[in-house]
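# Architecture and fold: a report
Single-letter residue listing:
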Amino acid sequence: MRQWKYGYTIRIGEKHLRTGAVCQDSVFALEDEKCIVMALCDGIGSLPLSGRAAQLAAAAACHILRKCADINFYHHAEVPNGMMKDLLERVDRFVTGKFSEEGADRSQGDSTLAFVFVSKLFDFGFAGCLGDSAVCLIRKSGNICLTESNANLESTASLHIREPWRLAKSEAFRLGDDFFGAILTSDGMDSEIYTKNSSQVFRRAQVYFNAAQSGNVEQTLAALAERAVRQSGGELDDDISIAVLSRAVGDVIFPQDVTWLCACGARNRLENSYCFRCGRDFLTLYSRVSFAKYGGKTQFFRYANQHAALERRILDGITNQNK
Ligand SMILES: [Zn+2]
């Protein structure tokens with residue numbers, strides 16, 4: 001049987017070091033003979049007790065999922081508003097109860113939640129995400145990132161809002177030979193590991209995932225996070241947390257990043273709204289394509305990128321229509 005490896009690092013942001021604010025990220029992991037579960041919560045920065053809320057929520061999510069590990073809940077996890085709804089309700093109830101025991105005001109602390117659960121008994125996994133933390137599933141059949149996708153949301157979704165499951169994403173999946181593992185991360189690492197409004201996992205995220213292969217996972221992750229912060233030139237000022245779970249044997253090579261082809265022939269990163277060469281607006285250029293029909297922008301271009309002739313025909317088609 002293949003061995004599971006996991007670890008995480010939390011790096012306190014410069015801003016929090018300067019102001020003396022507590023780190024509001026929390027990661028929790030549990031393993032027993034039935035399952036492995038990891039959860040990562042990013043406290044909502046505007047509330048003073050979010051660090052505590054994040055800590056309680058991450059632990060609660062792990063304990064609740066472990067309690068479910070006796071049974072095969074794969075089909076319940078597949079149902080929209082099924083397992084995810086149950087889980088979010090129970091985590092919120094737990095945090096609210098603890099706050100009340102501690103005499104704290106629940107409205108003063110809240111957090112996001114990203115988690116991955118792996119059943120050792122029934123060969124399936126379950127992952128989910130609420131708010132702008134992210135969970136990247138690393139698979140032979142293609143990596144996918146679950147994260148908040150609605151760019152129009154005024155604020156990040158969190159546990160203690162009304163019906164949070166409506167804004168959550170989750171995925172139940174078979175392990176088989178397909179599943180290598182997962183990366184959980186707070187929103188400080190978007191643009192390094194994933195990007196908002198997309199399900200794309202960046203190729204450069206492979207170094208974080210492959211940290212699980214090193215002798216000391218947490219030390220390697222910490223060094224990588226530190227390097228990313230230094231290279232960002234002050235952009236990554238926030239608390240950063242990354243957790244990795246892997247059963248890969250040896251390093252996994254991630255696929256090339258998905259790109260959108262411009263009418264001028266240049267390839268642009270999916271997160272870029274304008275062509276780097278000619279400045280064309282992506283939204284205008286591709287306004288006639290309804291990406292939702294193809295399972296989203298990332299899925300559409302991932303397929304298109306692998307079929308260059310088709311990709312060119314689509315572009316010619318839409319630019320002719322646009323004339
Ligand atoms: Zn262009």
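These notes cover the structure that comes with them. Computed from a predicted structure; not experimentally measured.

## Overview of the coordination of the zinc ion
Reference values for coordination geometry: four tetrahedral donors around a metal ideally subtend 109.5 degrees, six octahedral donors ideally subtend 90 or 180 degrees. Taken together, C262 (SG), C264 (SG), C275 (SG) and C278 (SG) make up the full set of protein donors to the zinc ion, lying 2.3 Å away. Around the zinc ion, the four donor atoms are arranged such that angles at the metal cover 103 to 115°; this shape is classified as tetrahedral. Sequence spacing of the donors to the zinc ion: C-x1-C-x10-C-x2-C. Taken together, the residues C264 in the loop between β11 (259-261) and β12 (267-269) and C275 in the loop between β12 and α7 (282-285) connect sequence positions eleven residues apart. In this structure C275 comes out as buried when scored by relative accessible area, which is 4%.

## Some thoughts on the sheet that holds strand β5 (residues 124-130)
Strand order in the open sheet made by the five strands is β2-β3-β4-β5-β8, with antiparallel pairing throughout. Looking at the sheet topology across the chains shown, the edges are occupied by β2 (25-31) and β8 (169-174). In this sheet, neighbouring strand axes are inclined to one another by 5° on average, regardless of whether the strands run parallel or antiparallel. Bridging between β2 and strand β3 (residues 35-42) involves seven bridges; their strand directions are antiparallel. By the bridge assignment for β3, F28 is matched with A39. Those strands touched by helix α2 (residues 50-68) are β2, β3, β4 (113-119) and β5, and its axis lies near 20° from that of β2. Contacting β4, β5 and β8, helix α4 (residues 83-101) crosses the sheet at an angle of about 60° to β5.

## Description of the packing of aromatic side chains
Scanning the model with the defined rule gives 20 aromatic pairs in all. Ring centres of Y74 and F124 lie 5.7 Å apart, and the angle between their planes is 80°; this geometry places the pair in the edge-to-face category. One end of the pair, Y74, is in helix α3 (residues 74-78); the other, F124, is in strand β5, with 50 residues separating them in the sequence. Comparing Y74 with F124, the two get one shared label, buried.

What counts and how
- Residues numbered from 1 in each chain as written.
- Predicted model: local features only at pLDDT ≥ 70, side-chain atom pairs only at ≥ 80, totals over all residues.
- Heavy atoms only, no water.
- Donors = N, O, S within 2.8 Å, 3.2 Å for Na, K, Ca; no water.
- Tetrahedral: all angles 85-135°; square planar, octahedral: opposite > 155°, others 65-115°.
- Helix = DSSP H or I, 4+ residues; strand = E, 2+ residues; numbered from the N terminus.
- Buried < 20%, exposed > 50% of the residue type's maximum accessible area, 1.4 Å probe, protein only.
- Pairing = 2+ DSSP bridges.
- Axes fitted to C-alpha atoms, helices over the stretch in contact; angles between N-to-C directions.
- Contact = heavy atoms within 4.5 Å.
- Phe/Tyr/Trp six-rings, centres within 6.5 Å; stacked < 30°, edge-to-face > 60°.

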